[in-house]
Amino acid sequence: MNKKEFTIKTGFLLAAVSLLLSGCGSKAGTTALEEGMQHIADMEYSAALASFETARTNGEDERLIARGMGIAYIGLTDYDAAAENLLLCLSYSNGLINSMDYDVNYYLAAAYQKSGKYAEAEKVYDAILALKPGETDAYYLRGCARLSQGRYQEAKEDFDKAVELEPADYSRIIQIYKVLQADGYKEAGQNYLEEALTRSDKMSAFDKGCIQYYLGNYEQAQVLLEEAKASGTADAYLYLGLSYEATGDYNYAITNVYSSYLAKNEGNAEIYNQLGLCYMNQEDYAQALAAFQNAMQIEGNGMQQTLQFNEIIAYEYLGEYTQAAILLNNYIQMYPDDETAKREYEFLSTR
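Rules behind the numbers
Residues numbered from 1 in each chain as written. Predicted model: local features only at pLDDT ≥ 70, side-chain atom pairs only at ≥ 80, totals over all residues. Heavy atoms only, no water. Phe/Tyr/Trp six-rings, centres within 6.5 Å; stacked < 30°, edge-to-face > 60°. Helix = DSSP H or I, 4+ residues; strand = E, 2+ residues; numbered from the N terminus. Buried < 20%, exposed > 50% of the residue type's maximum accessible area, 1.4 Å probe, protein only. Core = buried A, V, L, I, M, F, W, Y, C linked by side-chain atoms within 4.5 Å. Contact = heavy atoms within 4.5 Å. Axes fitted to C-alpha atoms, helices over the stretch in contact; angles between N-to-C directions. Parallel < 35°, antiparallel > 145°, perpendicular 65-115°, else oblique. Left-handed = near helix turned anticlockwise from the far one by under 90°. Nonpolar A, V, L, I, M, F, W, Y, C, P; charged D, E, K, R; others polar. Salt bridge = Lys/Arg side-chain N within 4 Å of Asp/Glu carboxyl O. Expected span 1.5 Å × (residues − 1). Arc of directions from axis to C-beta. Polar contact = N/O pair within 3.5 Å; in protein donor to acceptor, adjacent residues only side chain to side chain.

What is the right way to read the packing of aromatic side chains from this model?
Two aromatic rings are characterised by how far apart their centres lie and by the angle between their planes. Here the structure, examined in full by the defined rule, presents 14 aromatic pairs. Aromatic side chains Tyr 177 and Tyr 214 sit 5.9 Å apart centroid to centroid with 55° between the ring planes, which places their arrangement in the tilted category. Placement of Tyr 177 in helix H10 (residues 170-182) and of Tyr 214 in helix H12 (residues 205-214) is noted, with a sequence separation of 37 residues between them. We note that Tyr 177, like Tyr 214, is buried. Look at Tyr 285 and Tyr 317: their rings are 4.9 Å apart centre to centre, the planes differ by 20°, and that puts the pair in the stacked class. Residue Tyr 285 is found in helix H17 (residues 285-296), and its partner Tyr 317 is found in helix H18 (residues 304-317); the two are separated by 32 residues along the sequence. By the ring-pair criterion, three or more aromatic residues cluster together here, those being Tyr 177, Phe 206, Tyr 213, Tyr 214, Tyr 218 and Tyr 239.

Here is the structure:
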């Protein structure tokens, strides 16, 4: 595997789980439901399904069971089963639309999007916006669904509306840039970033630095993010390190940014992961492995899939093919839709 292929993977499920655990928790005494939700938080999706089946046997809340099973099936990449359960959850509604109906619809649309049913996902967002026309997330996500169908102009209209509704949400503007860039519309994505900079008098040094980073103006980004670093936030250090990495200065990123942050603060999984990737680029695979494993020890790190994959690659580069193959086999069972991992397994099976 080429080292340039290392990327930070972001999972839909971990973002969704926080809503599951906080926004729509189970009723008092529904132990099996609570166990199922905890299994989802721990990314133990098969165990979650077993708990929800027990909850059903115990006569617990059928609507919450269907919801939990839908999210667990997304984790198992069985998107048809996920949609079936999420639709079942919606069918239990008493007809009065509440916050649970909205977030279940978001999960349903995500299941459609992940299975390539972009038109179905778009219809779900249409329904959300018909009831909540100011829902920024729905505009952004519908734009993504439309872009996936090759309808750039309509997607742009949705992205424009999302920015109009929340012009100071710079992280959303960066998301739009990333989606457009990945679909071959980099210049259009850059226009969103550049337009945001015209309002720079209202932006923090961190936000300006991040936008300059994505515009490829790395030296400007470094100046701004060095200023933002005074806040001590992990994100400021992360983007500062990335801006130095982009210019090939891995030594500075390792010593003066990532290691500096970790020496003064509690462990941060993203910082550890990026430190590990820097070591990988320097071919210091033992240090890289240690960084990935340190990150994995952080409870609720939110990026366990990324870290597990990077750990496997580090073992591979260390020549420990047996250990890498064992870990990769377990990884594929947990994340069966990761095509890169499947190709890596084919490679390791020949070693």
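Quick question: what am I supposed to make of the nonpolar core here?
Nonpolar side chains tend toward joint burial in soluble globular proteins. Core analysis: the biggest nonpolar cluster contains 109 residues, and Phe 159, Leu 180, Leu 193, Ile 211, Tyr 258, Ile 271 and Tyr 331 have the highest contact counts within it. Among the elements that take part in this core, helix H6 (residues 99-114) stands out by supplying nine residues, more than any other. Beyond its immediate stretch of four places on either side in the chain, Tyr 258 contacts Tyr 237, Leu 238, Gly 241, Leu 242, Glu 245, Ala 253, Ile 271, Gln 274, Leu 275 and Cys 278.

I would appreciate a short explanation of unusual backbone geometry in the present structure.
For residues other than glycine, phi is negative in most cases, and the peptide bonds are mostly trans. The phi angle at Thr 77 is positive, at roughly 60°, despite the residue not being glycine. Despite not being glycine, Glu 283 has its phi angle at roughly 65°, a positive value. Here Glu 283 shows up in the loop between helix H16 (269-281) and H17. Exposure remark for Glu 283: the relative accessible area of 52% places this residue in the exposed category.

How should the packing of H16 against H18 be read in this particular structure?
Each pair of packed helices gets described by two things: the angle between the helix axes and the distance between those axes. Axis separation between H16 and H18 bottoms out at 11 Å; the angle between their running directions is 25°. Relative to H18, H16 is oriented roughly parallel. In this structure, the crossing between H16 and H18 has a hand that is left-handed. Contacts between H16 and H18 involve Asn 273, Leu 277 and Met 280 on the former and, on the latter, Thr 306, Leu 307, Asn 310, Ile 313, Ala 314 and Tyr 317. When grouped by side-chain class, the residues that make up the contact of H16 with H18 number six nonpolar, three polar and no charged.

Help me understand the pattern of salt bridges, please; the structure alone is not making it clear to me.
Close approach of charged atoms lets side chains of opposite charge pair. One pass over the full model with this rule turns up 17 salt bridges. The partner of Arg 151 in a salt bridge is Glu 154, with the nearest N and O atoms 2.8 Å apart. Under the relative-accessibility criterion, Arg 151 is labelled partly exposed at 23%. The exposure class of Glu 154 is partly exposed, given its relative accessible area of 30%. For the salt bridge of Lys 229 with Glu 226, the shortest nitrogen-to-oxygen distance reads 3.2 Å. In this structure, a network of salt bridges that share partners links the residues Glu 122, Asp 126, Arg 142, Arg 146, Arg 151, Glu 154 and Asp 158.

It is not clear to me how helix H7 (residues 118-131) should be interpreted in this structure. Could you clarify?
An α-helical segment advances 3.6 residues per turn. Residues three or four places apart therefore align on the same side. Under the 1.5 Å per step criterion, the end-to-end length of H7 is 21 Å for 14 residues, consistent within 8% with the ideal 20 Å. Residues of H7 that are buried include every one of Ala 121, Glu 122, Val 124, Tyr 125, Ile 128 and Leu 129, and no others. The arc that holds every buried residue of H7, seen down its axis, measures 160°, which confines them to one face. Of the exposed residues in H7, the ones pointing more than 90 degrees away from its buried face are Lys 123, Ala 130 and Leu 131. Buried residues belonging to H7 abut H6 and helix H8 (136-148).

Mind showing me how you'd approach H18 here?
Taking 1.5 Å per residue, 14 residues should reach 20 Å; H18 reaches 20 Å between its end C-alpha atoms and fits that length. In terms of burial, H18 is largely enclosed, as twelve of its 14 residues are buried. Considered for burial, the residues of H18 that qualify are Gln 304, Thr 306, Leu 307, Gln 308, Phe 309, Asn 310, Glu 311, Ile 312, Ile 313, Ala 314, Tyr 315 and Glu 316. Following H18 by one or two positions, Gly 319 adopts a phi angle in the positive range, close to 85°.

Quick question: what am I supposed to make of the side chain of Glu 122 here?
Checked against the element boundaries, Glu 122 lands in helix H7. At 2.9 Å, the side chain of Glu 122 forms a polar contact with the side chain of Gln 149. The contacts of Glu 122, once residues within four sequence positions are left out, are Arg 142, Ala 145, Arg 146, Gln 149 and Arg 151.

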